[in-house]
Amino acid sequence: MKISVVTVAYNSAATIADTLRSVAAQDWPDYEHIIVDGGSKDDTMAIVARHAHPRLSAVSESDKGPYDAMNKGLARATGDAIGFLNSDDFFCRPDALRLIAGAFEGGADCVAGATTVVHRTHPLRVQRHYGVRAYARWMLRFGHMPPHPSFYVRRSVIDRVGGFDPAFRISGDFDWMVRLLLRHRARMAIVPQTLAAFREGGLSTRDFTAKMTINREMGRSLRSNAVASNLALLWGRYPFKMTQLLGRPKDYPRYLGAMGLPTPPP
């Protein structure tokens, strides 16, 4: 199985090196890493050039927002399965793609792995852990979706479902998963290991205003896909998310040193 890892970036010089190193460290023999940059004004593309290898390709041009850029990544991808590891995310272990490929062997349409949320400037500091062992598709009614940095979908399924709706400002990934898992009933396999980390403070976790936008957009997506829900249910997921603050993954940051990523002091 060839796996396409798509990284959307814009002015990401502070974080993209970790993304690049974590993909290059993967031990799965057949993958490609595609950078879709929105015309960064900083050193993002210079850093990408310094990490060049045969499986890495990049394009830098203006876009109409993150979901337009993600659609460009889908169009460029040639893999049998595709996922998104954006420029403030990184794989936590060198066998992440191997675990994902193995989960597809049972015939799944998509695969979801655990993800840990880390401090934006101190990536060894876990803020919360997003486990997937108990995840079920009905949770989308509450706005609870699989963690995007560890979510991979077969190309053949994407061809049926379509790409991201760029009309969404923040919740285009949620809308995509609603269409995949509820509308098209895609079969999902779970990888319980922690596959990826993402830094807190991005577009979807920035502030209360962002949360209001997310919930409005989630409600719009659910209605358009004829899924019963309401704003009270969507806001009700936040107490559940509080439980993620208590969990700490046993496998993080165990493998980071071997991948050239930050490690705890001895």
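Parameters at a glance
Residues numbered from 1 in each chain as written. Predicted model: local features only at pLDDT ≥ 70, side-chain atom pairs only at ≥ 80, totals over all residues. Heavy atoms only, no water. Helix = DSSP H or I, 4+ residues; strand = E, 2+ residues; numbered from the N terminus. Rg over C-alpha atoms; globule rule 2.2 N^0.38 Å. Buried < 20%, exposed > 50% of the residue type's maximum accessible area, 1.4 Å probe, protein only. Contact = heavy atoms within 4.5 Å. Areas by Shrake-Rupley, 256 points an atom, 1.4 Å probe, with all protein chains shown as cover. Lys, Arg positive; Asp, Glu negative; His and termini not counted. Charge placed at Lys NZ, Arg CZ, Asp CG, Glu CD. Phe/Tyr/Trp six-rings, centres within 6.5 Å; stacked < 30°, edge-to-face > 60°. Lys NZ or Arg CZ within 6 Å of the ring centre and 35° of its normal. Salt bridge = Lys/Arg side-chain N within 4 Å of Asp/Glu carboxyl O. Core = buried A, V, L, I, M, F, W, Y, C linked by side-chain atoms within 4.5 Å.

Draft legend 1. View of the overall build of the chain. Helices and strands together make up the secondary structure of the chain, namely nine helices and nine strands. Relative to the 2.2 N^0.38 estimate, which gives 18 Å for 266 residues, the radius of gyration of the chain is 17 Å and therefore close to what a compact globule would have. A principal-axis box enclosing the C-alpha atoms of the chain has dimensions of 50 × 40 × 40 Å. In the chain, buried positions account for 54% of the 266 residues. For the chain, restricting intrachain contacts to residue pairs at least 6 apart in sequence, the fraction spanning at least 24 positions comes to 79%. Of the roughly 11600 Å² that the chain leaves accessible, carbon and sulfur atoms contribute 54%. Looking at the chain, you have 35 positive and 24 negative side-chain charges, and the mean spots of the two groups are 6 Å apart.

Draft legend 2. Quick look at the packing of aromatic side chains. Inspection of every chain in the model, using the stated rule, returns six aromatic pairs. Where Phe 84 meets Trp 176, the ring centres are 6.4 Å apart and the plane angle is 85°; that geometry is what we call edge-to-face. Of the two residues, Phe 84 is situated in strand 4 (residues 81–84) and Trp 176 in helix 6 (residues 172–183); the sequence distance between them amounts to 92 residues. Of the residues examined, Phe 84 reaches a relative accessible area of 2% and is grouped as buried. Counting every residue linked through ring pairs, the aromatic cluster contains Tyr 67, Phe 84, Phe 151, Phe 164 and Trp 176. Cation over ring: Arg 220 sits above Phe 168, and NZ or CZ is 4.3 Å from the ring centre.

Draft legend 3. Fine view of the side chain of Asp 89. Summarising the element assignment, Asp 89 is placed in strand 5 (residues 89–91). It turns out Asp 89 is buried and unbridged, and the closest side chain with the opposite charge, Arg 199, is 6.8 Å from it. Contacts of Asp 89, omitting those with residues within four sequence positions, involve Thr 19, Pro 149, Ala 197, Phe 198 and Arg 199.

Draft legend 4. Layout of helix 1 (residues 16–24). The buried fraction of helix 1 amounts to seven of the nine residues, a majority that puts the element mostly inside the structure. For helix 1, the set of buried residues is Ile 16, Ala 17, Asp 18, Thr 19, Leu 20, Ser 22 and Val 23.

Draft legend 5. Just the pattern of salt bridges, in detail. Applying the stated rule across the entire model yields 11 salt bridges. Among the ionic pairs, Arg 120 bridges to Asp 88, the shortest N-O distance being 3.4 Å. Taken together, the residues Arg 120 in the loop between strand 6 (110–118) and strand 7 (126–130) and Asp 88 in the loop between strand 4 and strand 5 connect sequence positions 32 residues apart. Residues Arg 179 and Asp 175 are paired through a salt bridge, measuring 3.1 Å at the closest nitrogen-oxygen approach. On the criterion of helical spacing, the pair formed by Arg 179 and Asp 175 is a turn pair, its members being four residues apart in helix 6. Per residue, the accessibility class of Arg 179 equals that of Asp 175, and both read buried. Through salt bridges with shared partners, a single network forms among Asp 18, Arg 21 and Arg 199.

Draft legend 6. Quick peek at the nonpolar core. Ranked by size, the top nonpolar core spans 40 residues in total, and within it Leu 140, Phe 151, Val 153 and Leu 180 carry the most contacts. With seven residues, the single largest contributor to this core is helix 6. Excluding residues within four positions of it along the chain, Leu 180 makes contact with Phe 151, Val 153, Val 157, Val 161, Arg 185 and Ala 186. Ala 96, Leu 97, Ile 100 and Val 191 belong to the second-largest nonpolar core, a separate cluster that totals 30 residues.

Draft legend 7. Seen up close, unusual backbone geometry. At the junction of Tyr 252 and Pro 253, the peptide bond is cis and its omega measures out at 5° in the coordinates. Tracing the backbone through its elements, the reader meets Pro 253 in the segment after helix 9 (237–242). Not every positive phi belongs to a glycine, and Asn 11 is a case in point at roughly 50°. Residue class for Asn 11 comes out partly exposed when judged on its relative accessible area of 35%. Look at Arg 185: it is not a glycine, yet its phi comes out positive at around 55°. Considering the arrangement of structural elements, one finds Arg 185 in the loop between helix 6 and strand 9 (188–199).

Draft legend 8. Representation of the environment of Asp 159 within the structure. Along the chain, Asp 159 falls in helix 5 (residues 155–161). A residue is classified by how much of its surface remains accessible, and Asp 159, at 54% relative accessible area, is exposed. A C-alpha to C-alpha distance of 9.8 Å links Asp 159 and Leu 74, two positions 85 residues apart in sequence.

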